[in-house]
Amino acid sequence: MNAARRYRMTKKFIWSQGELFPRMSAHGEFNEEDHLDGLLHSPVVAWSQGAKNDGSTEREIKDLEEKWTQAERTNNVDAAAPLLASKFVNVDYAGKITSRTEFLAEQKATKYESSTYDDVKVIVVGNTAVATGILTAKGRDASGKPFYGRLRGTDTFVKLPNSQWQCIAAVDTPLLR
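All of the points below concern the structure found in this document.

**Describing the pattern of salt bridges**
Taken as a whole and assessed by the stated rule, the structure comprises five salt bridges. Of the charged contacts, one joins Glu 66 and Arg 73 as a salt bridge, the two residues approaching to 2.7 Å between their closest N and O atoms. The exposure class of Glu 66 is partly exposed, given its relative accessible area of 38%.

Structure below.
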C-alpha cells in the first residue's frame, strides 16, 4: 500500500481508549480537519518504531515487579509509590477500580505476612511493557480481615520521557485452580 493511500485511510480514525473509532462530524461525515496524532502513538505504530530490545527492558520490568512485591512483603507503601504513574488505575480481584491515591491508601492499611510474584513474563512493545505473573499473598486486609489469595496479575508499564518506567494499570484475576 502506498504512503498516500495509507495516510488517507488512517486519517479517518483516531486512537482512543485502546480502540479505533471513526471521528464523525455533527452531520455524520468524517471530520477531515482532525489529525491522527493519537494513532501515531498506538501500539501497532510503536511496535514498528520500537528500538531493538536485548532483554534488558524485560529484566528492568521484572526488577520493578520485585521491588513492588518487596514493598508489599515489608508493608512499605512508600517504596511502592514511585513505581506507580500519577494516573495509575488498579482493578482488583473483585472488579473494583481504584486510583493511585485510593490504591496506596488501601495498601497502607493492608498488612502482609507474605507476598510473592512468580512466573513473571514480560512483553515489550515500544515504550510499553506488560508483565504477567502469579501473586500469592497472605495477611490482613484494610478492614483487618485475614486473607490468602492466588491471583494472576497483569501490570502495564510505560516508559516516561525521563526514561523511568512506571506502572499505569494493574489488573488482578483470581486463580481458580
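Text resumes after the structure shown.
**Brief notes about helix α5 (residues 100-109)**
Within α5, the full set of buried residues consists of Phe 103, Leu 104 and Gln 107. For α5, the arc enclosing every buried residue in end-on projection is 95°, short of the 170-degree limit, so these residues lie on one face. Set apart from the buried face of α5 by more than 90 degrees, the exposed residues are Thr 101 and Lys 108. At its buried positions, α5 is contacted by α3 (56-73), α4 (77-80), β3 (84-91), β4 (97-99) and β5 (111-125).

**Here we look at empty space enclosed by the protein**
Under the counting rule described, the total for this entry stands at two cavities of 30 Å³ or more. In this structure, the largest cavity encloses a volume near 70 Å³. Around the largest cavity, the lining residues are Trp 68, Ala 71, Glu 72, Asn 75, Asn 76, Val 77, Ala 80, Leu 104, Gln 107 and Tyr 112. Sorting the residues of the lining of the largest cavity by element identifies α3, α4 and α5 as the ones contributing at least two each. Taken together, the residues of the lining of the largest cavity break down into six nonpolar, three polar and one charged.

Scoring rules and cut-offs
- Residues numbered from 1 in each chain as written.
- Predicted model: local features only at pLDDT ≥ 70, side-chain atom pairs only at ≥ 80, totals over all residues.
- Heavy atoms only, no water.
- Salt bridge = Lys/Arg side-chain N within 4 Å of Asp/Glu carboxyl O.
- Buried < 20%, exposed > 50% of the residue type's maximum accessible area, 1.4 Å probe, protein only.
- Helix = DSSP H or I, 4+ residues; strand = E, 2+ residues; numbered from the N terminus.
- Arc of directions from axis to C-beta.
- Contact = heavy atoms within 4.5 Å.
- 1 Å grid on protein atoms, 1.4 Å probe; cavity = no way out; pocket = protein on both sides within 12 Å on 5 of 7 lines; lining within 4 Å.
- Points joined across faces, edges and corners; volume = space filled by probe spheres on them.
- Nonpolar A, V, L, I, M, F, W, Y, C, P; charged D, E, K, R; others polar.

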